[in-house]
Amino acid sequence: MKTATPRYDGLRLEQFDRAPVDEMAEMRFAIDRRIDELLAVSGPLDQLTNAMRASALSAGKRMRPLLLMLVARDLGCASKALIDVACAVELVHAASLILDDLPCMDDASLRRGKPAIHIQFGEDVAILASVALLSRAFGVLSQAQDIQPATRARLVATLAQTVGEQGLVRGQFEDLHGGARSPEAIATTNELKTGLLLGVAVDMASIICHAGDDVAQQLRAFALAAGQAFQIKDDFLDGKDSAVTGKDTGKDVGKATLINTLGRDEALRRLAACLLEADRCLVAAVGAKGRTRQFVAQLFAKEAKAKRFAPEPAKARDARPNAQLAELPLT
Ligand code: GRG
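An account of the accompanying structure is given in this report. (Residues numbered from 1 in each chain as written. Predicted model: local features only at pLDDT ≥ 70, side-chain atom pairs only at ≥ 80, totals over all residues. Heavy atoms only, no water.)

1. What to know about the overall build of the protein
Right, on to step 1. Looking only at helices and strands, one finds 16 helices and two strands in the protein.
Right, on to step 2. Counting over 331 residues, the protein shows a buried share of 51%.
Right, on to step 3. For the protein, long-range pairs separated by at least 24 residues make up 74% of all intrachain contacts whose partners lie at least 6 apart in sequence.
Right, on to step 4. Accessible surface, the protein as shown: approximately 15000 Å² in total, 54% of it carbon and sulfur. (Helix = DSSP H or I, 4+ residues; strand = E, 2+ residues; numbered from the N terminus. Buried < 20%, exposed > 50% of the residue type's maximum accessible area, 1.4 Å probe, protein only. Contact = heavy atoms within 4.5 Å. Areas by Shrake-Rupley, 256 points an atom, 1.4 Å probe, with all protein chains shown as cover.)

In structure tokens:
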């Protein structure tokens, strides 16, 4: 029996009083500029440094650091530590993408519209660059300014747990070695390899901003649900033209993904249900007018426009993002 697709009202962009596209563009710019500084050339400008910089500074969405900074903003917090902590999370993400693309893992040749790092610099340099980026991330965190030592230690421990044996690494291991498995097992893998890094971004915002336990829990639940939705969206991109996605096409053929296991319609239904849950938790944590909510709405604007995704009366379905928002690189 077919289940009805849940409606996700958080996707109606027009409900926000102002489209702070400049504010988000400024945040992105500040993140890129700070990563550029954090990876400044200290020794010779050799292939290792070039590979680290090419990976971290190439044209990604900066979703994780933006999430951290937007959640902090929604919590009314403007700590000077935020930008460095946000960049540390992005460095971990960059390190993970390098490893993910290696021939022994996903064997991808295209990333963010450019040859993968191992194609540009060789496998040996790619692995070393990944380890160096990971190490740099923890170094940045350990030196974050304007933050109590105990808080800093908590941030380091939280990120270490997220990356390690029970975190991203476990998720990648399951992805490579888990074989055919149930939708629930696939969702668990997705949570480990994608959700946890979004989760840690909002956890770190909660820690720095001294959010109460209830709010922190709702924010984490939001991030994990959004992570599930995002991984399904990412899986859908696998079938799209690489000129549009900047990634290889067809890497998921024969892989245990929710689309391959459940079919496209049911996967889309799950995506909508996860977004609905993410939105409910986010609104419960920081209210309906937050910037994070708008960011999520932008990320999923294309899905919101898909008729099958949110079958509802034409009037309520008018979810066209304004022209400025549509310009953001959100593929
Ligand atoms: C030791 C850091 C480390 C990791 C080891 C390789 C590995 C374990 C994990 C890989 C996990 C991985 C790559 C998951 C995919 C997550 C995902 C959906 C990536 C795409 O994220 P976007 O769309 O990418 O935010 P951009 O390019 O916009 O940054």
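We are not done yet, so read on.
2. Section: the side chain of Thr-194
Right, on to step 1. Here Thr-194 lies in helix 9 (residues 183-208).
Right, on to step 2. Classification of Thr-194 by relative accessible area gives buried; the value is 8%.
Right, on to step 3. Those residues in contact with Thr-194 that lie beyond four places of it in its chain are Gly-227, Phe-230 and Gln-231.

3. A word on the site of the ligand
Right, on to step 1. Close to the ligand lie 21 residues, the nearest being Lys-61, Arg-64, His-93, Arg-112 and Phe-230.
Right, on to step 2. Between the ligand and Arg-64 there is a distance of 2.8 Å, counted from an oxygen atom to a side-chain nitrogen or oxygen.
Right, on to step 3. Between the ligand and Arg-112 there is a distance of 2.7 Å, counted from an oxygen atom to a side-chain nitrogen or oxygen.
Right, on to step 4. Considering the ligand on its own, with 750 Å² of exposed area, one finds that the protein chains cover 93% of that surface.
Right, on to step 5. Per element, the largest residue contribution to the shell around the ligand is six residues, and it comes from helix 4 (residues 82-101).
Right, on to step 6. Grouping the constituent residues of the shell around the ligand by class yields nine nonpolar, six polar and six charged. (Near = heavy atom within 4 Å. Polar contact = N/O pair within 3.5 Å; in protein donor to acceptor, adjacent residues only side chain to side chain. Nonpolar A, V, L, I, M, F, W, Y, C, P; charged D, E, K, R; others polar.)

4. Brief notes about helix 2 (residues 47-57)
Right, on to step 1. Of all the positions in helix 2, only Thr-49, Ala-51, Met-52, Ser-55 and Ala-56 are classed as buried. Take helix 2 and look down its axis: the buried residues cluster within an arc of 160°, on one side only. (Arc of directions from axis to C-beta.)

5. A look at the nonpolar core
Right, on to step 1. Membership of the largest hydrophobic core comes to 82 residues, with the highest contact counts inside it found for Leu-68, Val-85, Leu-133, Met-204 and Phe-222.
Right, on to step 2. The element contributing the most residues to this core is helix 4, with 11 residues. (Core = buried A, V, L, I, M, F, W, Y, C linked by side-chain atoms within 4.5 Å.)

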